[in-house]
Amino acid sequence: PVLVETDAPVPALLRPLAWCGLERHDAIAAALRAPQAVSAGPVVRADWDTVVVRLRPGPEAALAVQVQMADTLYGEAVYRELPRALSNAWAAYRGGLTAGLVRQGPPAQQWRALETALAALGAQLAALCLPGASGEALTALLDGCPAGRWVEVVFEAEGAALLGLPFEALTLPDGRPLALHPSVVTTRRPWGLTPPVAGPVLAGPLKLLVAV
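As the structure is a computational prediction, the values presented were derived from the model and not from experiment. (Residues numbered from 1 in each chain as written. Predicted model: local features only at pLDDT ≥ 70, side-chain atom pairs only at ≥ 80, totals over all residues. Heavy atoms only, no water.)

## Considering the overall build of the protein
Then step 1. Within the protein, the secondary structure is distributed over five helices and seven strands.
Then step 2. Reading the secondary structure of the protein in the N-to-C direction produces β-β-α-β-β-β-α-α-α-β-α-β.
Then step 3. The buried share among the 212 residues of the protein stands at 35%.
Then step 4. Considering only intrachain contacts with a sequence separation of at least 6, the fraction spanning at least 24 residues in the protein is 62%.
Then step 5. Entry remark: accessible area of the protein is about 12600 Å², with carbon and sulfur atoms responsible for 60%. (Helix = DSSP H or I, 4+ residues; strand = E, 2+ residues; numbered from the N terminus. Buried < 20%, exposed > 50% of the residue type's maximum accessible area, 1.4 Å probe, protein only. Contact = heavy atoms within 4.5 Å. Areas by Shrake-Rupley, 256 points an atom, 1.4 Å probe, with all protein chains shown as cover.)

## Remarks on the layout of surface pockets
Here the idea is plain: a probe the size of a water molecule rolls over the atoms and shows the empty space left.
Then step 1. Counted as a void, the second largest pocket has a volume near 630 Å³.
Then step 2. Forming the boundary of the second largest pocket are 20 residues, of which Tyr93, Leu118, Glu168, Ala169 and Ala211 lie nearest the centre.
Then step 3. Of all the elements in the fold, those that place two or more residues in the lining of the second largest pocket are α2 (84-102) and α3 (108-129). (1 Å grid on protein atoms, 1.4 Å probe; cavity = no way out; pocket = protein on both sides within 12 Å on 5 of 7 lines; lining within 4 Å. Points joined across faces, edges and corners; volume = space filled by probe spheres on them.)

## With respect to the confidence of the model for the protein
Then step 1. In the predicted model, the protein carries a mean pLDDT of 81, and 76% of its residues have values of at least 70.
Then step 2. Of all secondary-structure elements in the protein, the lowest mean pLDDT belongs to strand β2 (residues 20-21), at 77, while helix α4 (residues 134-143) reaches the highest, 94.
Then step 3. Taken together, the stretch residues 40-45 has pLDDT below 50 and engages in 16 contacts with residues farther than four places along the chain or on a different chain. (pLDDT = per-residue confidence, 0-100.)

## A closer look at the packing of aromatic side chains
To describe a pair of aromatic rings, one takes the distance between the centres and the angle between the planes.
Then step 1. Overall, the coordinates contain one aromatic pair when judged by the stated rule.
Then step 2. Look at Phe155 and Phe167: their rings are 4.3 Å apart centre to centre, the planes differ by 10 degrees, and that puts the pair in the stacked class. Of this pair, Phe155 sits in strand β6 (residues 150-157) while Phe167 sits in the loop between α5 (160-163) and β7 (184-190), placing them 12 residues apart in sequence. Across the pair, exposure class does not vary: Phe155 and Phe167 are buried alike.
Then step 3. Note that Arg94 overlies the ring of Trp90, its terminal NZ or CZ placed 4.5 Å from the centroid. (Phe/Tyr/Trp six-rings, centres within 6.5 Å; stacked < 30°, edge-to-face > 60°. Lys NZ or Arg CZ within 6 Å of the ring centre and 35° of its normal.)

## Remarks on the sheet that holds strand β5 (residues 72-79)
Then step 1. On the basis of which strands lie adjacent, the open sheet formed by five strands has the order β5-β4-β3-β6-β7 and mixed pairing. At either margin of the open sheet sits one strand with a lone partner, and together these are β5 and β7. Taken pair by pair, the neighbouring strands of this sheet meet at an average axis angle of 15 degrees, ignoring direction.
Then step 2. Both strand β4 (residues 63-69) and β5 contribute to a ladder of seven bridges, which runs antiparallel. Bridge pairing in β5 links Ala64 to Val78. (Pairing = 2+ DSSP bridges. Axes fitted to C-alpha atoms, helices over the stretch in contact; angles between N-to-C directions.)

Right under this line is the structure:
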């Protein structure tokens, strides 16, 4: 990628790539001829906050959950197993979705049932991932976000089962979907993976939600 302005933000997905400024004509020419000859530019940071939700098997529990914002631990909980209510809500939503696909266009009543199941799934995920006062603290952080400031919510989990939970369906305590908040960027990170040096940088109001 070529950076047109020196202070333009570099999106998070492009930071691992080599990029250079528009004025570096020689470097651009070198990149076209031999990409390995150009090194990545400096990281451009925007205003951002990071909230980390950690899920991993604990020494004396099947699952330990922690929510950290900056250097403060806002909530933690331990479970002997993944809550059955969450597993049931997830199964109910997937079952309703599969039925809709088989019938080639579910009626309005079935769509409402799917939305209800999705809301129930979001509430169960919130109960698991936002213990204690962390849900209220996250809501306050988002509601106080000025324009141009981003909040990266990282779901850090150990193991495929936990990392594969449908975190995008999680709702805030007031019922709003977390992933659809205009200031939120949600990411997943395997446990133990070193986080990037800088936070997310997004240009413009564009947000993409891909549901498979």
